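# Overview (structure and organization)
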Amino acid sequence: MKILGTGSAVPKQTVTNDMLSDFVDTNDVWITTRTGIKSRQIITTERFEELAALAGQRAIEAAGLVPEDIDFIICHNVCNVYVTPSLAALVQGILGIKGPNCPTMDLNSACAGFTYGLEICDSFIATGRAKHILFICAEEVTRMVDWTQRETCVLFGDGAGAMVLGAGDNYLASKLTSTPMPDVIYYRLPCEPTPFETGEGIDTHIAMQLKGREVFRMAVTSAQRDIRDVIEKAGLKLEDIDHFLLHQANQRIIDAIKQDFDLPPERFHSNIQKRGNTSSASIPMLLDEEIREGRIKRGDLMVFNGFGAGFVTSAAVMRY
Ligand code: UT7
């Protein structure tokens, strides 16, 4: 599998830390020193599925293709207003890709979803069942948090990162893990009531909850382990890797991981300062920005690493 082109899209509304402190008990110093975040983009008037489709359109153009060339659309998304149809089916309609020869489906592996999705794409590409997959990670996490809870609402942003994947030998190794720990990060929505429900409070709505310190520790430990494992699996050495693109959850998490590896610091990329945590979209958005700004070039070796609710982790080595 090979990346043929990338794209990304963010909402037009940028929200600074100072803007948040107007309505929640927080401040720029706390957010900056604890997370590295200075601002984020938040969905206002945009339609979420159009934002996802825009990132996809940009990836198709970067690949030198047209929408009709796409023969599979896979979206990764944790939550949006449509439980069904899938985001991928909505994107297909917006991009004007007529059926029935372009199947669509969504995946959900929380903030680690980018590499989980790559693994699925690779299985379709490697077996020749798809030629050009449009893979989009799109998230509107700011609609999952309680905007009166300062512990969570300051952390997130919205956005979409996309790529077109085709045949090639550039996907070198991967590692996916999952450990059942449903209470460390979760978000619950109520389903429709039925006359047969038993018990009370089964379907209560609970805005996103996270045990920040626990996640922080697990993220650093799992990343140090998964990155080493996946590089070894690829038959490479740490110093062979040109770029590390880690889930953008907290600059302090990225710095702690970076410290563990004796490598030039500029190999660890970051855009959390201006984007916040965009869940599964964070790595493909960062990748697209770094490619477009010329910092990642064809032939470079990259490591992707993510973690999230589950508790799930993922890592991959890929050549651009
Ligand atoms: O992508 C996956 C989801 N992401 C995560 O799960 C994030 C992982 N965790 C983290 O990034 C960090 O743990 C946080 C940024 C969430 C929190 O940083 P921390 O250094 O672990 O802070 P803390 O939770 O221990 O809170 C320290 C203090 C508390 O006050 P007291 O008890 O010491 O008086 C909090 O109430 O900071 C307070 N606090 C805030 N103060 C101002 C918490 N949030 C805020 C805030 N503004 N927004």
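Described in the following lines is the structure provided in the data block. From a predicted model like this one, the values you see are computed outputs, not experimental measurements.

Parameters and conventions
Residues numbered from 1 in each chain as written. Predicted model: local features only at pLDDT ≥ 70, side-chain atom pairs only at ≥ 80, totals over all residues. Heavy atoms only, no water. Buried < 20%, exposed > 50% of the residue type's maximum accessible area, 1.4 Å probe, protein only. Helix = DSSP H or I, 4+ residues; strand = E, 2+ residues; numbered from the N terminus. Pairing = 2+ DSSP bridges. Core = buried A, V, L, I, M, F, W, Y, C linked by side-chain atoms within 4.5 Å. Near = heavy atom within 4 Å. Polar contact = N/O pair within 3.5 Å; in protein donor to acceptor, adjacent residues only side chain to side chain.

### Quick notes on the pairing of strand 3 (residues 39-42)
The two faces of strand 3 match: Ser 39 and Gln 41 on one face and Arg 40 and Ile 42 on the other face are all buried. Sheet analysis places strand 2 (residues 13-16) next to strand 3, joined by four bridges and oriented antiparallel. When the sheet's bridge partners are listed, Val 15 is paired in strand 3 with Arg 40.

### With respect to the nonpolar core
Nonpolar side chains tend toward joint burial in soluble globular proteins. Membership of the largest hydrophobic core comes to 43 residues, with the highest contact counts inside it found for Ile 227, Ile 231, Phe 244 and Ile 257. At the level of elements, helix 7 (212-233), strand 11 (243-246), helix 8 (251-260), strand 12 (301-308) and strand 13 (312-319) are the ones that each hand at least two residues to this core. Broken down by element, the residue count for this core peaks at eight residues, all from helix 7. Core analysis: the next-biggest nonpolar cluster, separate from the first, contains 30 residues, Cys 121, Leu 245, Met 285 and Leu 286 among them.

### Side note on the site of the ligand
Near the ligand lie 21 residues; those nearest to it are Thr 26, Arg 34, Arg 213, Asn 250 and Asn 277. A distance of 3.0 Å separates a nitrogen atom of the ligand from a polar atom in the backbone of Gly 212. Between the ligand and Arg 252 there is a distance of 3.3 Å, counted from an oxygen atom to a side-chain nitrogen or oxygen. Those elements giving two or more residues to the shell around the ligand turn out to be helix 2 (28-35), helix 6 (150-153) and helix 7. The element best represented in the shell around the ligand is helix 7, accounting for four residues.

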